Amino acid sequence: MSLHQLVLEAAARHPERVAVSGPDATVTYRELSQRADALAGHLAAQHVSVGDRVVVWASKSAECVAAMQAVLRLGAVYVPVDGSIPPARVAAIVRDCLPAAVCTDPENAPRLAPAARGCPQRLVLGGDFAAPAGPFDHPSAAEDPAYILYTSGSTGRPKGVRVTHGNARAFVDWWVTELAALPEDRFANHAPFGFDLSVLDLYGAFAAGASVHLVPTELSYAPEHLTRFLRERGISIWYSVPSALSLMIREGGLLDDHAPPCLRAVLFAGEPCPIPTVRELAAWTGARLLNLYGPTETNVCTFHEVTTATLEMDRPPPIGKASSGNTVWAVTDNGQTAGVGEEGELLVTGPTVMPGYWGRPPLTGPYRTGDLVRVLPDGSFDYLGRQDGLVKLRGHRVELGEVEATIAQHPEVLEVAAVVAGAGLLRHLDVFVATRGGAAPGVLSLKRHVAERLPRYMIPDVVHHVPALPRTSNGKIDRTALAARADSATKEKLR
Amino acid sequence: MTAAHLSEQVVKDKLIEFIRETFLSGDPDRELDEGTPLLEWGVIDSMRIVVLLAFIRRELSTDIPMTQISGANFRNVRKIAALVVH
């Protein structure tokens, strides 16, 4: 069944229940559904049709959610891009997915021309659109794409993960059952819409006829705000990267008051959650604590529910066992399935695994995550790290190669290496830059250079100017030495 | 002393000095000015805003209410200084 059926069904069952509470408005299922039809009518008049892509470049809002629903109702494919993403990056996404239309919010409207270059149909959300000719309800099949999520690509070109209606439904339906979500539930949405964590928040709420409460992106790491948001909105299901929870505990006074009784599940994903944070949460609330794992390409494919045994561990909680009907296993260096105690790369196959990247050959066989895991005695998995240059910064995927390729485009830069150092909240992205000997570009101009081309979470935190990059004996850039230097420079500063 | 006693120019200077030292490795090329788009160029982000708010509270004796924390109010040093003084 198509993904957009969830809102249509909820609107038929209980039209007056709140569906979305955003910074712009709080809307009921009836209002959300009507607005989605109005926007769908407008897009249809602009010749958006079955299978077309529509980029939705906007800050989080109820209107933005309605736009995503409108696209699905036409049988088209939405491409969510956060409003903070620079126009040059949006333009790269537009060049890759060749959308039939680009929608944006009034704030980004003045920058729409460079962002949507090559795409004639443009729509500024929030306007007054004529009553729709709808209702629109294209019967998309399970194998039809529903949305495309763009992630960092190692070559400097963004990669679009194509997610089908069947993929999304298998994932959402499984989790709604696991969480036994009800119309009374209140889901928090912390992640931006271009980040796959948001799929569970939005569609989990819609599947249950519950409400979803949007945290504006610029407040997503404002600790006191987040803590107050959780309490005042009466959130029952919270899902975020662990960094946000750590920040709420350390800076937002989350544990100062008793846990709200309505809070019944806290989910985290995107990076390992430090065990002290897990212990603090478990001591504070009786809510279920769930560690979810899965790259964008597979949706959530494994999970671990925190138990008293987990709390006694001296490492982050395991990523656990398969979820959402998937099959997962690890393969060792010599190609064998890893047994208990052995390490290997995690492979995934099943209903939530994407059919492939947009515009690239389809995926054949299981998806290779590139993540190293260890098999535990009960058959579940511990996460060990990456096999390549992909790193996580507060849950966001960052290909170091993409950061390097972007900085290398600067005319004064001779060579550059990017490394990450530190853990959790204090994790930072450092770049080491050797210049051509002329005037070295300043820290601010390098940040600006990256800011104009990549998402904000890929902007370097620290820029080190060096005469030349250190090399290992076989001539490779000595990344271990650079990481150690980045680490000690930070410790120096904190001292 | 409260921020009301500080002129807007003094507040701007203090903010620029703090941002240079804390987020821009000292800004040796003196590139930062009061109009530099701080959020857009990644000089501050939603995490570093917390550090900046602590500085404003401690050094400028001003508590910025949470309702005032928005992308528009933290766009550049000029905007932040206006928020502190008024």
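Here the structure is a predicted model, which means the values were calculated and not measured.

Let's talk about empty space enclosed by the protein
All names here are of chain A. A complete count under the given rule lists one cavity of 30 Å³ or more for this structure. The space that makes up the largest cavity amounts to roughly 40 Å³. Taken together, M68, Y78, P80, Y147, L149, F193, S198, V199, L202 and Y203 make up the full set of residues lining the largest cavity. Those elements that place two or more of their residues in the lining of the largest cavity are β4 (77–82), β7 (145–151) and α7 (197–208). Element by element, the count of residues in the lining of the largest cavity is highest for α7, at four residues.

A word on the interface of chain B and chain A
Residue-level contacts link 24 residues of chain B with 31 residues of chain A. Taken together, both faces of the contact between chain B and chain A bury some 2,200 Å²; the carbon and sulfur share is 58%. Broken down residue by residue, the surface that chain B buries against chain A is led by W41, M47 and M66 of chain B, which jointly contribute 32%. Counting the contacts that link chain B with chain A gives four salt bridges.

Concerning the layout of surface pockets
Of the volumes computed, that of the second largest pocket is approximately 1,300 Å³. The wall of the second largest pocket is formed by 46 residues, among which L425 and L426 of chain A together with M47, R48 and V51 of chain B lie closest to the centre. Mapped onto the lining of the second largest pocket, the elements with two or more residues apiece are α8 (223–232), α9 (242–250), α10 (275–284), β24 (428–435), β25 (462–465) and α14 (479–494) of chain A together with α1 (8–23) and α2 (48–59) of chain B. It is α2 of chain B that contributes the most residues to the lining of the second largest pocket, seven residues altogether. Across the lining of the second largest pocket, the residue classes break down as 24 nonpolar, 10 polar and 12 charged.

Description of the pairing of β4 of chain A
All names here are of chain A. Most of β4 sits inside the fold, with six of its six residues counted as buried. The alternating pattern of β4 places V77, V79 and V81 and Y78, P80 and D82 on opposite faces, both of which are buried. Alignment of strand β3 (residues 53–58) against β4, held across six bridges, turns out to be parallel. Paired with R53 across the strands is V77, a residue of β4. Handedness of the crossover is the feature at issue here: the chain leaves β3, passes through helix α3 (residues 62–73), returns alongside β4, and the resulting connection is right-handed.

Parameters and conventions
- Residues numbered from 1 in each chain as written.
- Chains lettered and ligands numbered in written order.
- Predicted model: local features only at pLDDT ≥ 70, side-chain atom pairs only at ≥ 80, totals over all residues.
- Heavy atoms only, no water.
- 1 Å grid on protein atoms, 1.4 Å probe; cavity = no way out; pocket = protein on both sides within 12 Å on 5 of 7 lines; lining within 4 Å.
- Points joined across faces, edges and corners; volume = space filled by probe spheres on them.
- Helix = DSSP H or I, 4+ residues; strand = E, 2+ residues; numbered from the N terminus.
- Contact = heavy atoms within 4.5 Å.
- Buried area = accessible area lost by both parts, 1.4 Å probe.
- Salt bridge = Lys/Arg side-chain N within 4 Å of Asp/Glu carboxyl O.
- Nonpolar A, V, L, I, M, F, W, Y, C, P; charged D, E, K, R; others polar.
- Buried < 20%, exposed > 50% of the residue type's maximum accessible area, 1.4 Å probe, protein only.
- Pairing = 2+ DSSP bridges.
- Right-handed = clockwise from strand over helix to strand, strands pointing away.

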